[in-house]
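Structural features, examined
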Amino acid sequence: MMNYFKMAYRNLGRHRRRSVLSGLALAMGTALLMFVAAFFQGEMRSSLETTLRLNTGHIQVRDADYDPDKLSVAWDYLIENPDQVAAQIETLDQVQAATPRLLASGIVSVRDDSSGVEIMGVDPASSANDPYRHLVSGDFVTADDREGIVIGYPLAESLGLKVGGQLTLLINTSDGNVDEQVFTVRGIFTTGSTAYDKGIVLLPLAKAQAFSGAENHASMIFVLLKDREQAEAVAAAMPSQNFQVKTWRELNSLLVLINDFSNAYITFINLIVLGVTATVIINTLLMSVFERTREIGILTAIGMKGRQIITLFLAEASLLALGGVTFGSLAGWALSAYFAKVGIYFGDLGISQGMILDDRIYPYLTLDSAINLIVTAFIITVLASLYPARLASRMEPVEALHGAK
Amino acid sequence: MEVAKLTDVTRVYKIGEVETRALNGVSITIGDGEFTSLVGPSGSGKTTLLQLIGCLDQPTSGKVIIDGKETTNLNRNQRANLRKGTIGFVFQFFALIPTLTAYENVEMPLLLNGKNSTERKQRVLELLKAVDMSERAHHRPDQLSGGQQQRVAVARALATNPKLILADEPTANLDTENGEQVMEIMKRLNKETGTTFVFATHDPRVIKYATRVVTLRDGVIEKDNHTPAK
Ligand SMILES: Nc1ncnc2c1ncn2[C@@H]1O[C@H](COP(=O)(O)OP(=O)(O)OP(=O)(O)O)[C@@H](O)[C@H]1O
Ligand SMILES: [Mg+2]
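Not measured: the values here are computed from a predicted model. (Residues numbered from 1 in each chain as written. Chains lettered and ligands numbered in written order. Predicted model: local features only at pLDDT ≥ 70, side-chain atom pairs only at ≥ 80, totals over all residues. Heavy atoms only, no water.)

Our next topic: the interface of chain B and chain A. Contacts between chain B and chain A engage 28 residues on the former and 27 residues on the latter. In total, about 2,500 Å² of surface goes out of reach between chain B and chain A, with carbon and sulfur atoms giving 61% of it. Summed over the shared surface of chain B and chain A, the result is two salt bridges. Lys6 of chain A is paired through a salt bridge with Glu104 of chain B; the nearest N and O atoms lie 3.3 Å apart. Linking chain B to chain A there are nine residue pairs in polar contact (both at pLDDT 80 or more). Residues belonging to the side of chain B that touches chain A are distributed by class as follows: 15 nonpolar, five polar and eight charged. (Contact = heavy atoms within 4.5 Å. Buried area = accessible area lost by both parts, 1.4 Å probe. Salt bridge = Lys/Arg side-chain N within 4 Å of Asp/Glu carboxyl O. Polar contact = N/O pair within 3.5 Å; in protein donor to acceptor, adjacent residues only side chain to side chain. Nonpolar A, V, L, I, M, F, W, Y, C, P; charged D, E, K, R; others polar.)

What follows is the structure in structure tokens.
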């Protein structure tokens, strides 16, 4: 076996530039694919995390009749005594934070400009609201603030608002009417997602309840767990009478689906790119086979069997693959690691299908996907070389020797 | 005892519509220990005959028996097996593997025959000595002269102690001195080991070493002369 690799190594050395170039093609393909995989994974991971952190939480407990699409604050759809329910949930071991939230629809206007927003009443004391505490300027609202509001940076920009500035907020109330009040901007936050930040304003829960007429009600108990994989188990343990309990998987079914789909998509891209690099390898080996017709004839004449000739060429392909894939995965890993640090800036990517995207994407390479890619690249390369190898093994010695003269 | 026995062998090459009868009903027996020359004009069928004896090719019709074995129905692998134990080849072009050193070239058939490393080493050194190439054992073919390459090729052909060595114009690309040297070596090995040699050649210097001269013309044997051994 060693001898095959020794011969293969020397054969590759005969056309060093050609070998290096085809190894490089494989290396570039591998590096590119590794980066693409890291990029997709980073995107999916951060979008899932962002969506959970900002929007859905790990579990939501809602009134049995609640319809998340309507943002209605009619009492029928809301949870009564939410503080009590939240406190009860927070006593569970696996729960990191549970906090009531009230969601209503409204319109912010400043002079002639206006913008439709989601109004979210939050408990300023809860750690679940930490993502909103990344303030560009000003302070977060306090629980008993009656005139203060916190808004996102892109909304403040577009309406020309600064901390201390005033805006008029219109709200759809519990009894189906509209109310309005002037609020003072206390703080301007950024969550990292422009798309999300431009569509939401925060009020202290008590003020939101009073303003909307929801009184002692909330739209949901927003629950974060210590480990999100526990969601199903915890959800099962929660009081379900009169409530609907939803896990993040149910709340983001589309996102989970897209995630699965993106894995299939990556596999598909892998096959295409590796298919292309495989043809480069096939081409290199075919050239070697034709150049070495005479040699193959000699080897056959002195008793080398077809299987052994195949092994010889497979050894050559394996060495090429080893070099190319090793080099490529190192480069791909380095590239991913570098951008995982600095991120890749995309700006406002919008929110689609409830999937919140950060403005910056951080590639994230999992060991799984790296190994997967390395193994696939290796196997495809070696499989591709079967064709030239078989061709070599089938040469009739007479013709092979003739081809030489 | 005979090493090879061909009976009524015909080989027709077909390229498109054109048929060439390279051999036309040749019967010949090669006895053990012979040092035989195949001569004849270009295109008379010498190479074709060697290839059939060497199981590199199969006849269109007729029977080829090598070392007592009928070869006509063997598949590729079986023929390769027969070759590697029984037959050695020396070609006109110095058919060494360019990536391997002289030593490794001679070692190759031993590897293919599954010899262990001590056996191999001993045999390779012995053979290189026999062809006077010990000093250049670790040179690549492109670092050797034509005569030196051909001597390595002879050593390789002898490596597995084959019964029969087939050489197709072994001296054609060598000058007089190197040609003589290669022939001397082969003759000596023929005497010492009893290995059978068959050459195809135009070279009178080769013919003078032969104990038997077979003349081909247009694919048939025209003359078959046994000459006294020198
Ligand atoms: N592979 C082949 N395909 C077609 N025709 C061939 C092939 N090999 C040999 N021939 C033909 O068969 C005949 C015999 O060829 P062969 O090579 O045996 O001659 P030779 O006696 O060895 O000649 P030379 O002295 O020139 O080497 C020639 O007419 C040649 O053209
Ligand atoms: Mg010839």
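So, next bit.
Take the side chain of Gln41 of chain A next. Residue and element names in this part refer to chain A. Mapped onto the secondary structure, Gln41 falls in helix 2 (residues 16-56). A relative accessible area of 19% means that Gln41 is categorised as buried. If we ignore the near neighbours within four places in the chain, the residues touching Gln41 are Tyr364, Leu365, Thr366 and Ser369. (Helix = DSSP H or I, 4+ residues; strand = E, 2+ residues; numbered from the N terminus. Buried < 20%, exposed > 50% of the residue type's maximum accessible area, 1.4 Å probe, protein only.)

Turning next to the site of ligand 1. In the vicinity of ligand 1 lie 15 residues, with Ser42, Gly43, Lys46, Thr47 and Thr48 of chain B positioned nearest. Residue neighbours of ligand 1 fall on chains A and B, so the site bridges chains. With respect to ligand 1, the backbone of Gly45 of chain B contributes an N or O atom lying 3.0 Å from an oxygen atom. Separating an oxygen atom of ligand 1 from a side-chain N or O atom of Lys46 of chain B is a distance of 2.7 Å. Starting from 630 Å² of accessible surface for ligand 1 in isolation, the protein chains cover 72%. Elements supplying a minimum of two residues to the shell around ligand 1: strand 1 (2-15), strand 2 (18-31) and helix 1 (46-53) of chain B. Per element, the largest residue contribution to the shell around ligand 1 is three residues, and it comes from helix 1 of chain B. Its residues assigned to classes, the shell around ligand 1 comprises four nonpolar, nine polar and two charged. (Near = heavy atom within 4 Å. Areas by Shrake-Rupley, 256 points an atom, 1.4 Å probe, with all protein chains shown as cover.)

Let us look at the packing of aromatic side chains. The geometry of an aromatic ring pair is captured by two quantities: the separation of the ring centres and the angle between the planes. Under the defined criterion, the tally for this structure stands at eleven aromatic pairs over all chains. Look at Phe40 of chain A and Tyr265 of chain A: their rings are 5.5 Å apart centre to centre, the planes differ by 70 degrees, and that puts the pair in the edge-to-face class. With Phe40 of chain A in helix 2 and Tyr265 of chain A in helix 9 (residues 253-291), this residue pair connects regions lying 225 residues apart in the sequence. Ring centres of Phe35 of chain B and Phe197 of chain B lie 5.3 Å apart, and the angle between their planes is 55 degrees; this geometry places the pair in the tilted category. A residue pair is termed long-range when its members are at least 10 positions apart, and Phe35 of chain B in strand 3 (residues 35-39) and Phe197 of chain B in strand 8 (residues 196-200) qualify at 162 residues. Using a relative accessible area of 0% as the deciding quantity, one classes Phe35 of chain B as buried. The exposure class assigned to Phe197 of chain B is buried, which follows from its relative accessible area of 0%. Through a chain of ring-to-ring contacts, the aromatic side chains of Phe35, Tyr338 and Phe339 of chain A assemble into a single cluster. Looking at Arg101 of chain A, its charged tip hangs above the ring of Phe222 of chain A, at a distance of 3.7 Å from the centre. (Phe/Tyr/Trp six-rings, centres within 6.5 Å; stacked < 30°, edge-to-face > 60°. Lys NZ or Arg CZ within 6 Å of the ring centre and 35° of its normal.)

Let us now look at the pairing of strand 6 (residues 148-152) of chain A. Residues and elements named next belong to chain A. Summarising burial for strand 6: five of the five residues are buried, a large majority. Note: strand 6 against strand 8 (residues 178-189), five bridges, orientation parallel. From the neighbouring strand, Gly152 faces strand 8, where its bridge partner is Phe189. Inspection of the sheet shows strand 6 paired to strand 9 (residues 200-204) by two bridges, in the antiparallel sense. Directly across from Ile151, in strand 9, lies its bridge partner Val201. (Pairing = 2+ DSSP bridges.)

With that settled, the discussion passes to the environment of Asn283 of chain A. Residue and element names in this part refer to chain A. Topologically, Asn283 is positioned in helix 9. Judged by its relative accessible area of 43%, Asn283 is partly exposed. In this structure, the C-alpha to C-alpha distance between Asn283 and Pro388, residues 105 residues apart in sequence, is 8.5 Å.

A word on the sheet that holds strand 2 of chain B. Residue and element names in this part refer to chain B. In spatial order, the strands read 2-1-4-5; together these four strands make up an open sheet with antiparallel pairing. Edge positions in the sheet fall to strand 2 and strand 5 (69-70), since each has one partner strand and no second. When strand 1 meets strand 4 (residues 61-66), the two strands line up antiparallel, connected through five bridges. If you follow Ala4 over to strand 4, its bridge partner there is Ile66. Helix-sheet contacts for helix 1 involve strand 1, strand 2 and strand 4, and the interaxial angle to strand 1 is about 125 degrees. (Axes fitted to C-alpha atoms, helices over the stretch in contact; angles between N-to-C directions.)

Here we come to the domain arrangement of chain A. Residue and element names in this part refer to chain A. Domain assignment breaks chain A into domain 1 (2-52 + 255-403) and domain 2 (65-241). Distance from the C-alpha centre of domain 1 to the C-alpha centre of domain 2: 50 Å. Both faces considered, domain 1 and domain 2 share a buried interface measuring about 740 Å² in area, 52% of it formed by carbon and sulfur atoms. Looking at the side of domain 1 facing domain 2, the largest losses of area belong to Leu52, Asp348 and Asp359, adding up to 50% of the total buried there. At the junction of domain 1 and domain 2, the tally comes to zero salt bridges. (Domains from an automatic or database assignment.)

Residue and element names in this part refer to chain A. Where helix 11 (residues 306-342) contacts helix 13 (residues 386-393), the axes come no closer than 8 Å and their chain directions differ by 145 degrees. Crossing hand, helix 11 versus helix 13: right-handed. Residues Gly306, Ile309, Ile310, Phe313 and Leu314 of helix 11 form the contact with helix 13, whose participating residues are Leu386, Ala389, Arg390, Ala392 and Ser393. Counted by class, the contact of helix 11 with helix 13 contains seven nonpolar, two polar and one charged residues. (Left-handed = near helix turned anticlockwise from the far one by under 90°.)

Let us look at the sheet that holds strand 10 (residues 220-226) of chain B. Each strand in a sheet pairs with its neighbour through backbone hydrogen bonds, running either in the same direction (parallel) or in the opposite one (antiparallel). Residues and elements named next belong to chain B. The sheet built from six strands is open, its strands ordered 6-7-8-3-9-10 with mixed pairing. Both edges of this open sheet fall to strand 6 (87-90) and strand 10, since each of them pairs with a single strand only. On average, each strand axis in the sheet is inclined to that of its neighbour by 15 degrees, with strand direction left out of account. Across four bridges, the pairing between strand 3 and strand 9 (residues 212-217) is parallel. Counterpart to Ser37 in the pairing with strand 9 is Val213. Strands in contact with helix 2 (residues 76-86) are strand 6 and strand 7 (164-168); relative to strand 6, the strand with the most contacts, it is inclined by about 80 degrees. Sitting on the sheet, helix 5 (residues 146-158) touches strand 6, strand 7 and strand 8, and the angle it makes with strand 6 is about 170 degrees.

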